[in-house]
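An overview of the molecular structure
What follows is the residue order along each chain.
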Protein chains: 2
Amino acid sequence: METIKYSKILDWGTILKRPSYDATGIEKKVRAILKDVRQNGDAAIRKYSMKYDHVELDNFLVKKEEFDLARKAILPALKQAIETATGNVRKFHKIQSVPQRIIETMPGVSCWQRPVAIQRVGLYVPGGGAPLFSSLLMMGIPARIAGCSEIVVCSPPGADGKLNPAILYVAETLELKKIYKIGGVQAIGAMAYGTESVPSVFKIFGPGNQFITCAKQLIQRDGISIDMPAGPSELAVFADKFADERFVASDLLSQAEHGRDSQVILVTDSAGLAKRTKIQIQIQLDKLPRKKIATKALRACKIIIVKNPDQALQILNLYAPEHLILNCRNAAELGRSVVNAGSVFLGGYSPESVGDYASGTNHTLPTNGFARSWSGLSVDSFLKKISFQRLSKSGLESLGASVIAMAEAEGLQGHAESVRLRLASL
Amino acid sequence: METIKYSKILDWGTILKRPSYDATGIEKKVRAILKDVRQNGDAAIRKYSMKYDHVELDNFLVKKEEFDLARKAILPALKQAIETATGNVRKFHKIQSVPQRIIETMPGVSCWQRPVAIQRVGLYVPGGGAPLFSSLLMMGIPARIAGCSEIVVCSPPGADGKLNPAILYVAETLELKKIYKIGGVQAIGAMAYGTESVPSVFKIFGPGNQFITCAKQLIQRDGISIDMPAGPSELAVFADKFADERFVASDLLSQAEHGRDSQVILVTDSAGLAKRTKIQIQIQLDKLPRKKIATKALRACKIIIVKNPDQALQILNLYAPEHLILNCRNAAELGRSVVNAGSVFLGGYSPESVGDYASGTNHTLPTNGFARSWSGLSVDSFLKKISFQRLSKSGLESLGASVIAMAEAEGLQGHAESVRLRLASL
């Protein structure tokens, strides 16, 4: 942990620079797997599942019995928790639906946008260290609300050939039936190009390591779109002297335990709070099961001491964190000055964890500075809006001359002619 | 033009396949220019402006006098047309603004999304054959409505070192002041990384050739986002026997004149209409100033004869065209079955040209099949939505147990601890 005093610093761009990851090294490998899956379908999937997940599967699709077993394996307390989270996430995402509105821009010229669900979407749920069933919740609920007609889920099986029961349980509660036990680049390839078992989709969602990210970048060239560019998870906290340092430390640690490359930044206008938080981090770190990971992530952690909350906001808006906690007095007021962040947590009783799981907001958020220009996942991510226009004869009569004048000024006589012909026929 | 009868065809995927473009050949060149601009700023811009636009400029920024001259050069009819178009596009885009809505997902758990303009955006207006001032209109208006605080425009100057007056006139009417006479890959690099003259931006918009497209793909790796993946422009028309073949032919030609790689498809349930349209195309083609370009584009044009409108819609939804004209009876009703398209034109008096310029809808639309999962440009493209949540003590008391249960099930004790600590303090 490095402590930086505001007054010393001129070049915030450099201080706040995220480590950049060069994917060129893995691109060749990823490209080869995608090509193989595209050409050889299930046979290629089987090959890479053996190689990387050490599992041999005849069928990738999860069967009814597996859902039944999973349901029985989940403890009632977790079921209750998932129900609460589902309810909140649903409520928050349902209000995002926007009705269609027709406007007459001129008499006889009607225009509107119709929101239409993306018909076929793919959701990737990573396995590895933590079984992220919450990610499935955060993708599946808006997909359902948008009304996507085909929702395909891929997740890597364990060495026993099974998926984590919580993932299956969440899938069942969301009535997602096409769950495939496929992970890694081969899963992205399967959903992008389709195989004998796995249907192809139009847009692929979900977090993942740098191989998944690279695969998602590559398939875009073939017309499949993706949720957002991904990087390591991030948290920035602004805390003032009134903040409880135990809370601040626990928030920083909850981010640090995600992965060794997690980004953690504390900005404060209180040198005292900075000191107290550092001590608390040490105390709490010792009790953490994922201590090793968190310790590595904390090495790159920065504590920035500023003069006042305004300076803090300047720096935080420049950094554009995925998650931002404002643990201070007047947090709601200060929150109005946030212009670059994925999700913001206001006050002392809004830890990042609540947004990760159950407050209702989506936890799939822009990282790596993309919060400057990207939103987190929402119902909109599973929709596109198709424009419509309908002109009556009199509508074209009113508008025609303008279209002809502009088309001719752009040197596009064919465009002008398509209007002129119609006007002449009236 | 190839005519295909529905009954003969099994593999629509192959028939509708767009030509794919391999950018690997140009990527090296584009990468080198971007790197040079990033390292050497204005000096690099100057070098490439000389090399590719054959122009030597001391200052890239358009001066007040240039705006004055441009204003005087525009004929009153074009001024009137631009005013009409601006009014309609503004009206259609203004209704896209969504108000912020706070929801209590549980007592004491408040969540909302705040739409915030992307602070700094860059708009690229291509030069070349046609001076596309309409593109500036279609990007500038939603950027203004969203409230972007810095809007940078780049466009390649002619050999005389000047921009087309219509581009400057549109810029002035939209109160866009930072117009730079820079084109090509160097313009994308300047806006992405900033130079002594040109401010860096967070998101870059605008059409362009394959070099521009490649540059836009590459800068994304450095955290700058782009409007959408671009490909050649496309039009599909469905026409029945009641359609006027002169109108149908003129629409197909207006798309074909865009560029040699333009995609044009006619789907019809009337062999007679197909025949009549072919004849009309030949007649109208001869009068077209851009005949050469249109002729090349028409070589790849497909005429598909189907059994009925339902089959037409199946094919069209599979193809997912950028522009779709339904020139038939009951167009509005048929339009309800469109699920994959960028912008749809209903009836005989709604040629694509009206949407290109002045009906009010945006003409920046998804191509290359991306209409399956992308929307056209809208006010949303210039915004991001930041999530907020605020929990009261009692809110955390209600929600805490669920968060702890889910965090523990995902093996993230640090996440659980950040809630537990707070609950213990209450």
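Residues numbered from 1 in each chain as written. Chains lettered and ligands numbered in written order. Predicted model: local features only at pLDDT ≥ 70, side-chain atom pairs only at ≥ 80, totals over all residues. Heavy atoms only, no water.

Concerning the domain arrangement of chain A
Residues and elements named next belong to chain A. You can read the domains of chain A as domain 1 (2-19 + 232-360), domain 2 (24-226) and domain 3 (392-425). Each partner contributes to the roughly 550 Å² buried at the junction of domain 1 and domain 2, and carbon and sulfur atoms together form 56% of this total. Among the residues of domain 1 in contact with domain 2, Tyr357, Ala358 and Gly360 are the three that bury the most area, contributing 72% of the side total. The interface formed by domain 1 and domain 2 includes one residue pair in polar contact (both at pLDDT 80 or more). Tallied by class, residues from the side of domain 1 that touches domain 2 come to two nonpolar, three polar and one charged. (Domains from an automatic or database assignment. Buried area = accessible area lost by both parts, 1.4 Å probe. Polar contact = N/O pair within 3.5 Å; in protein donor to acceptor, adjacent residues only side chain to side chain. Nonpolar A, V, L, I, M, F, W, Y, C, P; charged D, E, K, R; others polar.)

Some thoughts on the packing of aromatic side chains
This model, assessed by the stated rule, comprises ten aromatic pairs over all chains. Both rings, one in Phe247(A) and one in Tyr349(A), keep their centres 5.8 Å apart while their planes meet at 70°; by these two values the pair is edge-to-face. Here Phe247(A), found in helix 9 (residues 245-256), pairs with Tyr349(A), found in the loop between strand 13 (343-346) and helix 14 (352-357); they are 102 residues apart in sequence, far enough to count as distant. Of the residues examined, Phe247(A) reaches a relative accessible area of 4% and is grouped as buried. Taking the centre distance of 6.2 Å and the plane angle of 10° together, the rings of Tyr48(B) and Tyr52(B) count as stacked. With a gap of four residues between them, Tyr48(B) and Tyr52(B) both fall in helix 2 (residues 24-53), about one helical turn apart. Using a relative accessible area of 8% as the deciding quantity, one classes Tyr48(B) as buried. For Tyr52(B), a relative accessible area of 36% puts it in the partly exposed group. One cation-aromatic arrangement involves Arg372(A) over Phe202(B); the distance from NZ or CZ to the ring centre is 5.5 Å. Over the aromatic face of Tyr319(B) sits the side chain of Arg18(B), whose NZ or CZ is 4.0 Å from the ring centroid. (Phe/Tyr/Trp six-rings, centres within 6.5 Å; stacked < 30°, edge-to-face > 60°. Helix = DSSP H or I, 4+ residues; strand = E, 2+ residues; numbered from the N terminus. Buried < 20%, exposed > 50% of the residue type's maximum accessible area, 1.4 Å probe, protein only. Lys NZ or Arg CZ within 6 Å of the ring centre and 35° of its normal.)

Quick word on the sheet that holds strand 14 (residues 383-391) of chain B
Reading across from one edge, 1(A)-11(A)-10(A)-9(A)-12(A)-13(A)-14(B)-3(B)-2(B) is the order of the nine strands in this open sheet, with mixed pairing throughout. The outermost strands of the open sheet, each flanked by one partner alone, are strand 1 (2-5) of chain A together with strand 2 (103-106) of chain B. Strand-to-strand twist across the sheet, computed as the mean angle between neighbouring axes with direction ignored, equals 20°. Pairing between strand 3 (residues 109-117) of chain B and strand 14 of chain B: nine bridges, direction antiparallel. (Pairing = 2+ DSSP bridges. Axes fitted to C-alpha atoms, helices over the stretch in contact; angles between N-to-C directions.)

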